[in-house]
Amino acid sequence: MSSKPNSPAESAAKKKTKTKAKISAEPKSAKKPQTKQMKTGAQIIVDTLIEQGVDTMFGYLGGVVLPLFDRLYDAPINFIIPRHEQGGCHMADAYARASGKVGVVVATSGPGACNLVTGLATAMMDSIPIVALTGQVRTTLIGNDAFQEADTTGITRPVTKYNCIVKDVKDLARTIREAFHIASTGRPGPVLIDIPVDVQVEKCDTSEPAELALPGYKIKPHGNSRQISQAAAAINKSEKPVLYVGGGVISANASKELTAFAEKSHLPVTMTLLALGCYDQSKPESLDMLGMHGSAYANYAVQQADCLIAIGARFEDRVTGKIKAFAPNAKIIHIDIDPASISKNVHVDIPVVGDAKVILTELTKEVEFRQRKEWFAKIAEWKKKFPFRYDNNSSVIKPQYVVEEICRQTKGKAIIATGVGQNQMWAAQFYKCSVPRQFISSGGLGTMGFGLPAAIGAQIAMPNATVIDIDGDNSFNMTMTELSTAVQYKLPIKVCILNNGYMGMVRQWQELFYNKRYAMSHIENPEYEKLAKALGAEGFMVDKKADVAAGVKRMLDEKKPCVADFRVEPEENVWPMVPAGKGIHEMDGLDILESMA
Amino acid sequence: MKHIISALVENKPGVLAHVAGMFAARAFNIDSLVVGRTEDINLSRMTIVVIGDDKVVEQVRKQLAKIVPVVKVQDFVGQPVVARDLMLIAISAPAAKRPEIFALIEMFKGKVVDIGVKLVMVEISGPEAKIEAFINVCKPYGIKSVARTGTIAMPRQI
Ligand SMILES: Cc1ncc(C[n+]2csc(CCOP(=O)(O)OP(=O)(O)O)c2C)c(N)n1
Ligand SMILES: [Mg+2]
């Protein structure tokens, strides 16, 4: 595979396997003969976290988590205090995305737990493994509207893969082990455990092993061999195949297997936002991102394909456009670990339920190389005619130019976090990734404010990497308080604000669909340079095109957390664009792109 | 089409909320839902009647199976099953009408479980259609109140 085997993300992915092995292992204490080992709930939590391989946690204090924090004080765990629990949850999320490990976040009851909701929903939509621990009021007060009581499991049930409250200290160790197992296996996701304060204080004997008890949780990684052969046969027969890759391939650490499979059978590869980096975008077979703001060549290829092989992807509406018009001529093969995502949105002809890594390995054995000259010639033609483009003769700074310059100066090797909106789409279009876990973005939920805390979480996971948050002014505004966290922990993250003074993506829709009535989409922004400095970070502003390259260099050279405020074209649009309700071949803006050639 | 879905679930707090929440969040319609104990004290059975096309019901089944404390999900559609509802119904029954009413109860294999000056309470079980039919024949006498379970079901041993 093209990605360096010892790139930080790959080596961390290897570590993950180790962590996973530990999950099923019994606790050490279990093997000793029965001498009573009395521990408090708080101590059990800390010991079980360490046993699960946790060395980094994020979280915020409060009354009902004090027993836990008291035990964490002496634990060999690097503890990061964000400025808001939402920030902490995004940090744990991005820590998981960048490292392949489980992110862990702690919050107090009531307001603390409620502040996790956006972060959990973000992780849930993107299938990111998080274990969230929340304090709860004492068991005898539950249901009494006690101070800082909230029905945390009730509130978070729809935004977690699993959650529960532990009311008996004897269940604590087992439940935490189960949480790690559920979060990190199958289709990963966030798991929340609510722990009343008295349970943290209570003692129990921990000499008995506490094995997982999950009769309803089964994962079938292997896939049905007949279906795998059917898929291989369909691929071998196909004249115009397209491989459509989703974030699931990254969660399965299967980027190497994916590349081997694509190369052996000679397939063009398109990726969702979450899969960027999974297949080296510098390869000629890469079709880059597909969907609403995807490449014209990916969208055309999918629409004309005779065989679409979806792996770890879920046919979301931002990807498919009008569902009835999606890949109309293609036999659809869908490989996914989650049976519920198969035939949920589109009818699948050949489903294979299983782990992407396992199935890709099997599939690779059965596929044959085919030249597909005509198909690749067609694709090359589209690629030549409709590359992602912008007007680089303009005298104002084009946001795409800033992203391109960052990509050039970092040689495409940085970890990129993003905000949500136009900035996110430009980052996806113009930063060419080559390794998995390199592009970190809130795809499913589209959470503005994700970028900065995500950059922090990723930098903590990958201390030697260059981590850049390519952000929007308004996205940054939502969680900018976390800059202070980056300063406290001396993290050299870079924040590149593509400052257009607008909720740009909203403005774009208003321009196109609401007669340019820019209702409330303009915001008075602070002076980011001063703001950054006030918080102890570095900051500067760039408003001339000629200064962009130097500005990017300055940002990259900076040792402190750094905010670079690029004043970009206020009314730039993201092209191409598939308007809502249209098929993905019906893109707007292709004429505009062509006119810039 | 009507599907009877049977889900074995762990006997844990929050499971019902999880299942009900999933139905609401995914805009699936529940026709009836019955929860009760089983032969295993650790497991409960939820019998859920869903009306929808095959694609929707397939999703219901998969989404149910995905819920961690849900152990096993079966869709009984197309299988021979015994399906039963239970109803308690209070019918206004003045002395003059009683012989007629009692004959009906007899015909439907119902059971009189309480008798008052003006009312009789009848317990009746059977397939949903039979319950509906009994309600219909009672209407002319005046129905005071009805309490019904949803459907429970078990596949026939063939
Ligand atoms: C928390 C949240 N609120 C609202 C939205 C809706 N929304 C999507 S993009 C966008 C504007 C983003 O503005 P900015 O961060 O400045 O990015 P730009 O599009 O200008 O690059 C808004 C409001 C959202 N995605 N997330
Ligand atoms: Mg903006």
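Conventions we followed
- Residues numbered from 1 in each chain as written.
- Chains lettered and ligands numbered in written order.
- Predicted model: local features only at pLDDT ≥ 70, side-chain atom pairs only at ≥ 80, totals over all residues.
- Heavy atoms only, no water.
- Contact = heavy atoms within 4.5 Å.
- Buried area = accessible area lost by both parts, 1.4 Å probe.
- Salt bridge = Lys/Arg side-chain N within 4 Å of Asp/Glu carboxyl O.
- Polar contact = N/O pair within 3.5 Å; in protein donor to acceptor, adjacent residues only side chain to side chain.
- Nonpolar A, V, L, I, M, F, W, Y, C, P; charged D, E, K, R; others polar.
- Domains from an automatic or database assignment.
- Helix = DSSP H or I, 4+ residues; strand = E, 2+ residues; numbered from the N terminus.
- Buried < 20%, exposed > 50% of the residue type's maximum accessible area, 1.4 Å probe, protein only.
- Pairing = 2+ DSSP bridges.

Regarding the interface of chain A and chain B
No. 1: With 17 residues of chain A in contact, the opposing surface of chain B contributes 16 residues.
No. 2: A buried area of about 1400 Å², summed over both sides, lies between chain A and chain B, and 54% of it is on carbon and sulfur atoms.
No. 3: Here chain A is connected to chain B by 1 salt bridge.
No. 4: For Asp-338 of chain A, the salt bridge goes to Lys-66 of chain B, with nearest N and O atoms at 2.6 Å.
No. 5: Inspection of the chain A/chain B interface yields 7 residue pairs in polar contact (both at pLDDT 80 or more).
No. 6: Each residue belonging to the side of chain A that touches chain B can be placed in one class, and the counts come to 9 nonpolar, 2 polar and 6 charged.

Describing the domain arrangement of chain B
Residues and elements named next belong to chain B.
No. 1: Looking at chain B, the domain boundaries give domain 1 (2–75) and domain 2 (82–155).
No. 2: Between domain 1 and domain 2, the C-alpha centre-to-centre distance is 28 Å.
No. 3: Taken together, the contact between domain 1 and domain 2 spans 7 residues of the former and 6 residues of the latter.
No. 4: Three residues stand out in domain 1 for area buried against domain 2, namely Ile-4, Val-34 and Thr-47, and they jointly supply 55% of the buried area on that side.

Remarks on unusual backbone geometry
No. 1: Cis geometry marks the peptide bond from Trp-575 of chain A to Pro-576 of chain A; its omega dihedral reads -5°.
No. 2: Here Pro-576 of chain A shows up in the loop between strand S20 (562–567) and helix H25 (590–595).
No. 3: In this model, Asn-253 of chain A sits at a positive phi of 50°, which is unusual for a non-glycine residue.
No. 4: With respect to the secondary-structure elements, Asn-253 of chain A resides in the loop between helix H11 (248–251) and helix H12 (255–265).
No. 5: The phi dihedral of Ala-27 of chain B falls on the positive side, at around 55°, and the residue is not glycine.
No. 6: Inspection of the secondary structure assignment puts Ala-27 of chain B in the loop between helix H1 (15–25) and strand S2 (30–37).
No. 7: Judged by its relative accessible area of 65%, Ala-27 of chain B falls in the exposed class.

Concerning the pairing of strand S1 (residues 2–10) of chain B
Residue and element names in this part refer to chain B.
No. 1: Of all the 9 residues making up S1, 8 are buried; the element is thus mostly covered by neighbouring parts of the structure.
No. 2: With 9 bridges connecting them, S1 and strand S3 (residues 43–51) associate as antiparallel partners. In the sheet register, Leu-8 faces S3, and the bridge partner there is Arg-45.
No. 3: Where S1 lies against strand S4 (residues 70–75), 5 bridges are found, and the strand directions are antiparallel. Opposite Val-9, over in S4, you have Val-70 as the bridge partner.

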